[in-house]
Amino acid sequence: MDDKFITVLTFTYPHELAIIRGRLESEGIECFAQDELTVQVNPFYSNAIGGIKLQVRESDYPKAVEILKEEGYITDRSASPSPSKFMVNFNKFTSSIPLIGKLRIEIRLLLLLSILAAIVVIIAYTAMSPSTP
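Here is what the cut-offs are and how they apply
Per chain, residues are indexed from 1 in the order of the written sequence. Per-residue local features of the predicted model are confined to residues with pLDDT of at least 70, and side-chain atom pairs are confined, for both listing and counting, to 80 or more; whole-chain, interface and lining totals are unaffected and use all residues. Side-chain measures here rest on the full set of heavy atoms in the structure, leaving out hydrogens and waters. Each helix is a run of H or I in the DSSP string that is no shorter than four residues. Each strand is a run of E no shorter than two, and both are numbered from the N terminus. In this treatment the radius of gyration is a C-alpha quantity, and the globule benchmark scales as 2.2 Å times the residue count to the 0.38 power. Throughout this description, buried means an accessible area under 20% of the type-specific maximum (1.4 Å probe, protein chains only), exposed means over 50%, and partly exposed covers the range between. Throughout, a residue-residue contact means that at least one pair of heavy atoms, one from each residue, lies within 4.5 Å. When DSSP finds two or more bridges between two strands, those strands count as paired. Whenever a helix is involved, its axis is fitted only over the stretch in contact; in every case the axis is a line through C-alpha atoms, and angles between N-to-C directions fall within 0 to 180 degrees. The directions considered for the arc run from the helix axis to the C-beta atoms. The criterion for an aromatic pair is that two Phe, Tyr or Trp rings (for Trp, the six-membered ring) have centres within 6.5 Å, with stacked assigned to planes under 30 degrees apart, edge-to-face to planes over 60 apart and tilted to the rest.

Engineer: Tell me about the overall build of the protein, and name the residues and values.
Structural biologist: When helices and strands are counted, the protein shows 6 helices and 3 strands. Taking 133 residues into account, the globule formula puts the C-alpha radius of gyration at 14 Å, and the protein, at 20 Å, lies well above it. Principal axes of the C-alpha set define a box for the protein whose edges measure 75 × 30 × 30 Å. Residues counted as buried form 24% of the 133 residues belonging to the protein. A separation threshold of at least 6 residues defines the contact pool for the protein, and within that pool the share at least 24 residues apart is 61%.

Put into structure tokens, the structure is as follows:
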């Protein structure tokens, strides 16, 4: 049973997950909802962590996609979304940075934005502080 879980759909809120998860489990497909409890505790984290990921075993993935297409939850366009150029280039650039290159791309992006915000705050503070004669 070393069949790994892979994401088949993502959701913003837990209630969106319930019906689809129940449908897949009724077909005998084992499901796992990554980050579901995090979003239940604080719904505002959903976008920051990439939503709730409905995952199925790799061996069940084709059957799950077929069921979700039949039910209209997945369209051909949404089945294989292409990543944005920015994220591809950002991943390529930051994956070679020591210490943070192995982190998830969301964490790297959040870290970089935090550093940039800190630099802006320091510059603004320095520019607005009174000069001493």
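Following the structure, the description resumes.
Engineer: Residues and numbers for the pairing of strand E3 (residues 52-57), please.
Structural biologist: Of all 6 residues making up E3, 6 are buried, and the element is well covered by its neighbours. Of the strand pairs in this sheet, strand E1 (residues 5-11) and E3 are connected by 6 bridges, and their pairing is antiparallel. When the bridges of E3 are listed, Leu9 appears paired with Leu54.

Engineer: Talk me through the environment of Arg104; I want residue IDs and the actual numbers.
Structural biologist: Within the element layout of this structure, Arg104 appears in the loop between helix H5 (85-94) and helix H6 (105-128). For the pair Arg104 and Lys4, spaced 100 residues apart in sequence, the C-alpha separation works out to 18 Å.

Engineer: Pulling in residues and values, what's your account of the sheet that holds strand E2 (residues 31-34)?
Structural biologist: In spatial order, the strands read E1-E3-E2; together these 3 strands make up an open sheet with antiparallel pairing. Two strands close off the open sheet at either side, each with one partner strand: E1 and E2. If you compare each strand with its neighbour and ignore which way they point, the axes differ by 30° on average. Relative to E3, E2 runs antiparallel, the two being bridged by 4 bridges. When the bridges of E3 are listed, Phe32 appears paired with Gln55. Relative to the sheet, helix H1 (residues 14-26) contacts E1, E2 and E3, its axis offset from that of E3 by approximately 10°. In the packing of helix H3 (residues 61-71) onto the sheet, the strands contacted are E1 and E3, and the crossing angle to E1 comes to about 20°.

Engineer: Go over H3, please, and point to the residues and values.
Structural biologist: Residues of H3 that are buried: Ala64, Val65, Ile67 and Leu68. On an axial view of H3, the arc spanned by its buried residues comes to 160°, and they lie on one face. Facing away from the buried surface of H3 by more than 90 degrees, the exposed residues are Pro62 and Glu70. Check the buried side of H3 and you find it contacts E1, H1 and E3. Where H3 terminates, the next one or two residues include Gly72, which has phi positive at roughly 90°.

Engineer: Describe the packing of aromatic side chains, and please don't skip the residues or the numbers.
Structural biologist: Scanning all chains against the criterion turns up 2 aromatic pairs. Note on Phe5 and Phe32: the rings are 6.0 Å apart at their centroids and 50° apart in plane angle, and the pair reads as tilted. A residue pair is termed long-range when its members are at least 10 positions apart, and Phe5 in strand E1 and Phe32 in strand E2 qualify at 27 residues. A relative accessible area of 27% means that Phe5 is categorised as partly exposed. Between Phe86 and Phe90, the aromatic rings sit 5.8 Å apart at their centres with planes inclined by 20°, giving stacked as the arrangement. Separated by 4 residues within a single helix, Phe86 and Phe90 lie in helix H5, roughly one turn from each other. Overall, the relative accessible area of 6% leaves Phe90 in the buried class.

So, to be careful, I would describe these as geometric facts and stop short of saying anything about function.
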